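# Chain and residue survey
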Amino acid sequence: LEHVAQEITQYLSQDFSESDTKVQKTLVPDFNLEDVAVKLPQGCQHLEELKCIEEPSMENFIINYKAPEKPAIISGALSDWPAVSGPRKWTVPYLVRVAGPRTVPIEIGKNYTSEHWTQRLMTVKQFAEQYLQGDCKEVGYLAQHQLLDQVPALAEDICIPDLCFTGEEDDVDMNVWIGPKGTVSPLHTDPKHNFLCQVSGSKYVVLYPSTDSKYLYPHPTPLLFNTSRVDLQNVNLEEHPDFCHAKGYHALLKAGQMLYIPPGMWHFVKSLETSFSVSFWWQ
């Protein structure tokens, strides 16, 4: 049945081709960290650049990163993913061809803390046409969605990183994040270990350790308790004076790289261009 569904999906999506998208393919942007970094007010702690390492052994990862809860950008972990290169490389036309008629929830607005934020149901093809072609005034984000369960053909394009199995449980939560330039996940925490794998495009990330929570002004409401009231893109030290004591990291996350985010670590993520990511939560 899944094979039949996939044949129907590709038939319904056949009018969306490489020539339909306005996304430039000839030039790959070469972003500079200082150019895209958040501009923190004078008096705030300088953000330390998070260095990139080659994929470590399980023992090395446990001792040097997992146990001390130290974040890291890891290269080489996605080298065998069909989604990263080759005929099944994740692009907008490929996404539409494989999943075009499938209905998904799209976040509309600056980010989920915005007053005007909302969600809409639409097909993947509608999402691509409205928000992934580079000329839309509002931001649409397919965020934290279990698209790999919904479309098994896409799940065949990725591999669960071996380092996910250094935890105490075998269950791994997988979510897909797809959006245009400018999508933002505001500064927040998650309770599990997280590998954020960048399949295509680039993102800018900022991280603060959980020990700095007292400087980051978590929302008092139960719904947003894991989200900071500090807007890193427009920090107001009059409202949040203790933020100047927070000391964090920042980095560029490029296609083919994987970011390890320890449990409870605060993180801010912004897409610098059309971006495809997969997150793996484990414990």
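The text that follows walks through the structure, step by step, so that each part is easy to find.

Criteria and cut-off values
Residues numbered from 1 in each chain as written. Predicted model: local features only at pLDDT ≥ 70, side-chain atom pairs only at ≥ 80, totals over all residues. Heavy atoms only, no water. Helix = DSSP H or I, 4+ residues; strand = E, 2+ residues; numbered from the N terminus. Polar contact = N/O pair within 3.5 Å; in protein donor to acceptor, adjacent residues only side chain to side chain. Contact = heavy atoms within 4.5 Å. 1 Å grid on protein atoms, 1.4 Å probe; cavity = no way out; pocket = protein on both sides within 12 Å on 5 of 7 lines; lining within 4 Å. Points joined across faces, edges and corners; volume = space filled by probe spheres on them. Nonpolar A, V, L, I, M, F, W, Y, C, P; charged D, E, K, R; others polar. Buried < 20%, exposed > 50% of the residue type's maximum accessible area, 1.4 Å probe, protein only. Pairing = 2+ DSSP bridges. Patch = residues over 30% accessible without salt bridge, like charges linked within 9 Å, V, L, I, M, F, W, Y side chains within 5 Å. Areas by Shrake-Rupley, 256 points an atom, 1.4 Å probe, with all protein chains shown as cover. Salt bridge = Lys/Arg side-chain N within 4 Å of Asp/Glu carboxyl O. Lys, Arg positive; Asp, Glu negative; His and termini not counted. Charge placed at Lys NZ, Arg CZ, Asp CG, Glu CD. Axes fitted to C-alpha atoms, helices over the stretch in contact; angles between N-to-C directions. Parallel < 35°, antiparallel > 145°, perpendicular 65-115°, else oblique. Left-handed = near helix turned anticlockwise from the far one by under 90°. Phe/Tyr/Trp six-rings, centres within 6.5 Å; stacked < 30°, edge-to-face > 60°.

## A word on the side chain of serine 279
Along the chain, serine 279 turns up in strand β14 (residues 275–282). Polar contacts involving the side chain of serine 279 include one to the side chain of tryptophan 177, which spans 2.9 Å. The residues contacting serine 279, other than those within four sequence positions of it, are Asp173, Met174, Asn175, Trp177, Asn194, Phe195 and Leu196.

## Focus: empty space enclosed by the protein
For the structure on display, the rule yields one cavity of 30 Å³ or more. Reported here for the largest cavity is a volume of approximately 110 Å³. What lines the largest cavity is a set of 13 residues, and nearest its centre among them are Trp177, Asn194, Leu196, His267 and Val269. Those elements that provide at least two residues to the lining of the largest cavity are β8 (184–188), β9 (193–200), β13 (266–271) and β14. Across the lining of the largest cavity, the residue classes tally to six nonpolar, five polar and two charged.

## A word on the pairing of β8
Counting buried residues along β8, five of its five residues qualify, which places the element largely inside the surrounding structure. With three bridges connecting them, β8 and β13 associate as antiparallel partners. Within the sheet, the bridge partner assigned to serine 185 lies in β13 and is valine 269.

## A short note on the sheet that holds strand β1 (residues 48–49)
Taken in spatial order, the five strands of this open sheet run β1-β11-β10-β13-β8, and their pairing is mixed. The strands lining the two open edges of the sheet, one partner per strand, are β1 and β8. With five bridges connecting them, strand β10 (residues 203–208) and strand β11 (residues 249–253) associate as antiparallel partners. Residue leucine 207 lies in a different strand from β11, and its bridge partner there is tyrosine 249.

## Focus on a negative patch on the surface
Judged by side-chain charge, Glu54, Glu55, Asp80 and Asp162 come together as a negatively charged surface patch. Take glutamate 55: it is sitting in the loop between β2 (52–54) and α3 (58–66). The class for glutamate 55 is partly exposed, based on a relative accessible area of 38%.

## Details of the packing of helix α4 (residues 92–99) against helix α5 (residues 124–131)
At their nearest, the axes of α4 and α5 sit 8 Å apart, and the two run at 160 degrees to each other. As judged from the angle between their axes, α4 and α5 are roughly antiparallel. As for the relative orientation of α4 and α5, their crossing is left-handed in sense. Taking contact as the criterion, the partners of Val92, Leu95, Val96 and Ala99 in α4 are, on α5, Val124, Lys125 and Ala128. Residues that form the contact of α4 with α5 fall into these classes: six nonpolar, no polar and one charged.

## Remarks on the layout of surface pockets
Any empty space left between atoms is shown by rolling a water-sized probe over those atoms. Of the pockets and cavities examined, the second largest pocket occupies roughly 390 Å³. Lining the second largest pocket are 21 residues, with Glu107, Tyr112, Gln144, Trp177 and His188 sitting closest to its centre. Among the residues making up the lining of the second largest pocket, the classes are represented as nine nonpolar, eight polar and four charged.

## So, the packing of aromatic side chains
Following the criterion strictly, the structure yields ten aromatic pairs and no others. Taken together, a centroid distance of 6.1 Å and an interplanar angle of 40 degrees make the contact between phenylalanine 127 and tyrosine 131 tilted. Here tyrosine 131 and phenylalanine 127 lie together in helix α5, a separation of four residues that amounts to about one turn. Across this residue pair, the class does not change: phenylalanine 127 and tyrosine 131 are buried.

## Overview of the environment of phenylalanine 165
Tracing the backbone shows phenylalanine 165 in the loop between α7 (152–155) and β7 (173–179). As for phenylalanine 165 and methionine 58, which are separated by 107 residues in sequence, their C-alpha atoms are 8.9 Å apart. Ignoring sequence-local partners within four residues, the contact set of phenylalanine 165 consists of Ile160, Asp170 and Val172.

## Some details on unusual backbone geometry
With the exception of glycine, most residues fall at negative phi, and the peptide bonds are largely trans. Phi at glutamate 69 takes a positive value of approximately 55 degrees, unusual for a residue other than glycine. With respect to the helices, strands and loops of the structure, glutamate 69 is situated in the loop between α3 and β3 (72–75). With a relative accessible area of 41%, glutamate 69 lands in the partly exposed category. One non-glycine residue, tyrosine 217, lies in the positive phi region at around 55 degrees. Its location among the elements puts tyrosine 217 in the loop between β10 and β11.

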